[in-house]
Amino acid sequence: MQLLLLHLDDALELQPDFVRACQFAGACEHVDKATGKVVRLWSKQKALAELGRDIVRNTPANGKDPQLCFMGSGDFHHVTALLLDAALERQSVGATLIHFDNHPDWVTFNGGMHCGSWVNSALANRNIQKVITIGVCSSDLRSPERKGANLHWLGEGKLELYPYEHPPSRVLADYGSGASYRQEKGALHWKSISEIGEENFIDRMLSRIRTEAVYLTIDKDVLAADDAVTNWDQGRMRLPYLLALISEIGSRHRIIGADVIGDYSAPNYTGDFRTRLLKKAEIFVDQPHVRPKAETTRNINSAANHALLEVLAEYMA
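All figures in this text were calculated on a predicted structure; none of them were measured in a lab. The residue numbers shown here count from 1 along each chain, following its written sequence. For a predicted model such as this one, the threshold for reporting local features is a pLDDT of at least 70, and the threshold for listing and counting side-chain atom pairs is 80 or more; totals across whole chains, interfaces and linings nevertheless cover every residue. Only hydrogens and water are set aside; all other atoms, that is, all heavy atoms of the structure, feed into the side-chain values.

(A) Representation of the side chain of glutamine 15 within the structure. Take glutamine 15: it is sitting in the loop between strand S1 (2–7) and helix H1 (16–24). Of note is the side chain of glutamine 15, whose polar atom sits 3.0 Å from the side chain of aspartate 263. At 3.3 Å, the side chain of glutamine 15 forms a polar contact with the backbone nitrogen of serine 302. Helix and strand assignments follow DSSP, with helices taken as H or I runs no shorter than four residues and strands as E runs no shorter than two, numbered in order from the N terminus. Side-chain atoms alone can form a polar contact between residues adjacent in sequence; in general such a contact is a pair of N or O atoms within 3.5 Å, and within protein one must be able to donate a hydrogen while the other accepts it.

As C-alpha cells, then:
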C-alpha cells in the first residue's frame, strides 16, 4: 500500500500525532496549499487537471500498489475524481465505488467540478460498474431535483443510495424503482440503514457489490458529531459501524484505492472577486457558522484518522 498525505489545507498539520504515525509508516507527503486555495469547494477543470498531474509527478510509483490518501477538508471531495481515475488506470479493471458521505455529491455543475458534483464524473468513467453511496442524512435529499440533483443515474441502476435515515424525497419525474428505493405517489422511498437494520444492511451492501475490485471514499461528515468535526453538517453513523463496514468490504473484495476527507479547516480561497464572493456566500448558506474549538477538533479527528488508517492498511496491504 502506498500512503499519501495531500496537504491542500492545514487540516492534517493540526493533527501532529497522526502525521507522525503516517510518516513512520512511510507516507509520501504532497504539499500544495496554493492550489488548494484555488480548487477548494469548486474549481475549473484546468486547475484540477494540473493538480492531478502534480500529484502523480510527485508521488513515487509503486507499480499497482493501492494508494490510500488523507486530504483534509470535505471541501476537496472533488479531488477524489482525480485519485479514482488514477487508481483505475493503474489497475485496468472494472470496479465499484463505495462512497460514505452525509451528502450525495450528485448535483449538476457546469464549467468545472464541485465537491458536491464529482460523483457524476465517477459515474461517467467506463471502468466504474456502479457507485454505492452510504449514510446520507442531509437535506440534499429533500426535493433533490430542485437542488440540482442528477437523478437519472438512479433510474439507470448505476447509482444506489442508502441513507442512514431519511423520510421520502419528493421528485418531479418518474424514475421507476431501484435497488435502493421505490417510487410511490411522486416520492422516492429510500431503503435506509435504520430501516433495514445495521447488521442486515451489511449483508445487503455486500450483495450489491458485483465486482472484485472496489474503491472507497470516506467523507467523515457521514459520522455523528462525537466522532468527527467537519466543515459540513453531519450524519448519524458511528465510527465503530463505519469501521465494521470497511472491514466487511475489505475481507471480501480487493481495495484498489481509498481516500479519507472531512477534517475541519478554516475556509481559505483565492480567485477573482466574484469567485471568492460566490464561495463565501455558498458556505454561509450551506455550512455551520460556529467555528469549533481547536483542541476538540484535533483530538476527535486524529482519533478517527488513526482508526481509519489502521483498518484500511490491514486490507490494502
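(B) Spotlight on the sheet that holds strand S9 (residues 169–170). The pairing criterion is simple: DSSP has to find at least two bridges between the two strands. Taken together, the three strands give an open sheet; going across it, the order is S9-S11-S10, and neighbouring strands pair in antiparallel fashion. Of all the strands in the sheet, just S9 and strand S10 (181–184) have a single pairing partner and so form its edges. Relative to strand S11 (residues 187–190), S9 is paired through two bridges, and the arrangement is antiparallel. Among the inter-strand pairings, arginine 170 is bridged to a residue of S11, identified as alanine 187.

(C) Focus on the environment of glycine 112. Mapped onto the elements, glycine 112 comes out in the loop between strand S5 (95–100) and strand S6 (113–114). The class for glycine 112 is buried, based on a relative accessible area of 19%. Any two residues whose heavy atoms approach within 4.5 Å are treated as being in contact. Not counting residues within four places of it along the chain, the set of residues in contact with glycine 112 comprises Ser43, Lys44 and Gln45. Accessibility here uses a 1.4 Å probe with only protein chains present; expressed as a share of the type maximum, an area under 20% marks a residue as buried, one over 50% as exposed, and anything in between as partly exposed.

(D) Spotlight on the sheet that holds strand S8 (residues 159–162). Judged by pairing direction, the sheet is parallel, and its eight strands sit side by side in the order S2-S1-S4-S13-S12-S5-S7-S8 without closing on themselves. Both outer strands of the open sheet, strand S2 (28–31) and S8, are each paired with one neighbouring strand and no more. Geometrically, the sheet is characterised by an average inter-axis angle of 15° between neighbouring strands, direction not taken into account. As paired elements, S1 and strand S4 (residues 67–70) share four bridges and run parallel to each other. Along S4, the bridge assignment pairs leucine 5 with phenylalanine 70. Its contacts with the sheet place H1 against S1, S2 and S4, and it is angled at close to 145° to S1. Angular values range over 0 to 180 degrees, each being the angle between N-to-C directions of two axes fitted as lines to C-alpha atoms, with helices fitted over their stretch in contact.

(E) Representation of helix H3 (residues 45–57) within the structure. Helices are assigned an expected span. That span is 1.5 Å times one less than the residue count. With 13 residues, H3 should reach 18 Å at 1.5 Å per residue; the first-to-last C-alpha distance of 18 Å fits that figure. If you check which residues of H3 are buried, you get Ala47, Leu48, Leu51, Gly52 and Ile55. Here the buried residues of H3 occupy an arc of 140° about the axis, which is enough to place them on one side. Residues Lys46, Val56 and Arg57 are exposed on H3 and point more than 90 degrees away from its buried face. Within this analysis, the arc is defined by the directions that extend from the helix axis to the C-beta atoms.

Taken by themselves, the reported measurements are silent on function.
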